[in-house]
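Residue-level listing of the chains:
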Amino acid sequence: MKKLTTVLIAAGLIASASACSAQQQLTTAETCDRVGVAASSIPQNASKTATNRVANAIRPIEVVASDEMKPVVTAILEYMDEQSKETPDEAKLGELGQAYQEAGTKYGELCRG
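All residue numbers refer to positions counted from 1 along the written sequence of the respective chain. Totals for whole chains, interfaces and linings use all residues, but because this is a predicted model, local features are given only for residues with pLDDT of at least 70 and pairs of side-chain atoms are given and counted only at 80 or more. Note: side-chain values were computed over all heavy atoms of the structure, leaving out hydrogens and water.

Undergrad: Teacher, can you tell me more about the nonpolar core here?
TA: Taken as a class, soluble globular proteins show a tendency for nonpolar side chains to be buried jointly. Core analysis: the largest hydrophobic core is formed by 17 residues, its most contacted members being Ile58, Val72, Val73, Ile76 and Met80. Helix numbers and strand numbers start at the N terminus; a helix is a DSSP run of H or I with at least 4 residues, a strand a run of E with at least 2. Taken together, the elements giving at least two residues each to this core come down to α2 (28-39), α3 (48-64), α4 (70-83) and α5 (90-112). A total of six residues in this core trace back to one element, the largest contributor, which is α4. In this structure Met80 touches Ile42, Thr51, Val54, Ala55 and Ile58, once residues within four positions along its chain are discounted. We define a nonpolar core as any set of buried Ala, Val, Leu, Ile, Met, Phe, Trp, Tyr and Cys residues linked to one another through side-chain atoms lying within 4.5 Å. Relative accessibility decides the category of a residue: with a 1.4 Å probe and only protein chains considered, values under 20% of the type maximum give buried, values over 50% give exposed, and everything between is partly exposed. Only heavy atoms matter for contacts: two residues are in contact if any of them lie within 4.5 Å across the pair.

Next up, the structure:
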């Protein structure tokens with residue numbers, strides 16, 4: 001009986017711990033709001049430090065972003081990560097820049113109506 005009780009208590013603790021750590025997926029509107037807040041701190045002439053800071057603010061959103069917004073957030077992060085490198089790969093930056101522009105268009109469609 002003691003073993004069964006111990007197993008049940010352990011199972012309950014594991015279940016409650018996993019429930020606490022499970023992150024809820026955001027709606028598209030919530031994702032838009034969070035990305036908008038993080039992106040609002042991008043200065044006109046973004047330095048590598050500022051770009052890195054904004055990318056780090058957006059990074060946690062990627063995990064919980066809505067299915068519609070996940071590719072947008074991923075494209076933004078990939079571009080910012082490459083741009084903030086000490087010596088960015090210009091060819092890769094060009095490809096990522098195109099995806100970044102498309103993500104901006106999609107963000108506008110989804111978030112600004």
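Undergrad: Got a minute to help me understand the packing of aromatic side chains in this structure?
TA: We describe a pair of aromatic rings using the distance from one ring centre to the other and the angle between the two ring planes. In summary, the pairing rule links any two rings of Phe, Tyr or Trp, Trp by its six-membered ring, whose centres are within 6.5 Å, and it sorts them by plane angle into stacked for under 30 degrees, edge-to-face for over 60 and tilted for everything else. According to the stated counting rule, one finds one aromatic pair in the structure shown. Ring centres 4.3 Å apart and planes at 25° place the aromatic pair Tyr79 and Tyr100 in the stacked group. Of the two residues, Tyr79 is situated in helix α4 and Tyr100 in helix α5; the sequence distance between them amounts to 21 residues. With a relative accessible area of 15%, Tyr79 lands in the buried category.

Undergrad: Explanation requested: the pattern of salt bridges in the structure shown.
TA: Two side chains of opposite charge can pair, provided their charged atoms sit close to one another. A carboxyl oxygen of Asp or Glu within 4 Å of a side-chain nitrogen of Lys or Arg is what we treat as a salt bridge. In this structure the tally under the stated criterion is three salt bridges. We note a salt bridge from Arg59 to Asp81, for which the minimum N-O separation is 2.9 Å. Here Arg59 is found in helix α3, whereas its partner Asp81 is found in helix α4, with 22 residues between them in sequence. We classify Arg59 as partly exposed; its relative accessible area is 31%. Since its relative accessible area comes to 30%, Asp81 is described here as partly exposed. A salt bridge links Glu82 to Lys85; its shortest N-O distance comes to 3.0 Å. For Lys85, a relative accessible area of 38% gives the class partly exposed. Here the salt bridges do not stand alone but share partners, grouping Glu82, Lys85 and Lys92 into one network.

Undergrad: Would you explain the side chain of Thr31 in this entry?
TA: Mapping Thr31 onto the fold places it in helix α2. Taking relative accessible area as the criterion, Thr31 reaches 0% and is therefore assigned buried. Think of a polar contact as two N or O atoms within 3.5 Å of one another; within protein, one of them needs to be a possible hydrogen donor and the other a possible acceptor, and neighboring residues in sequence only count if both atoms come from side chains. A distance of 3.1 Å separates a polar side-chain atom of Thr31 from the backbone nitrogen of Ser66. The contact partners of Thr31, leaving out residues within four places of it in the chain, are Leu26, Ile61, Ala65, Ser66, Met69 and Val73.

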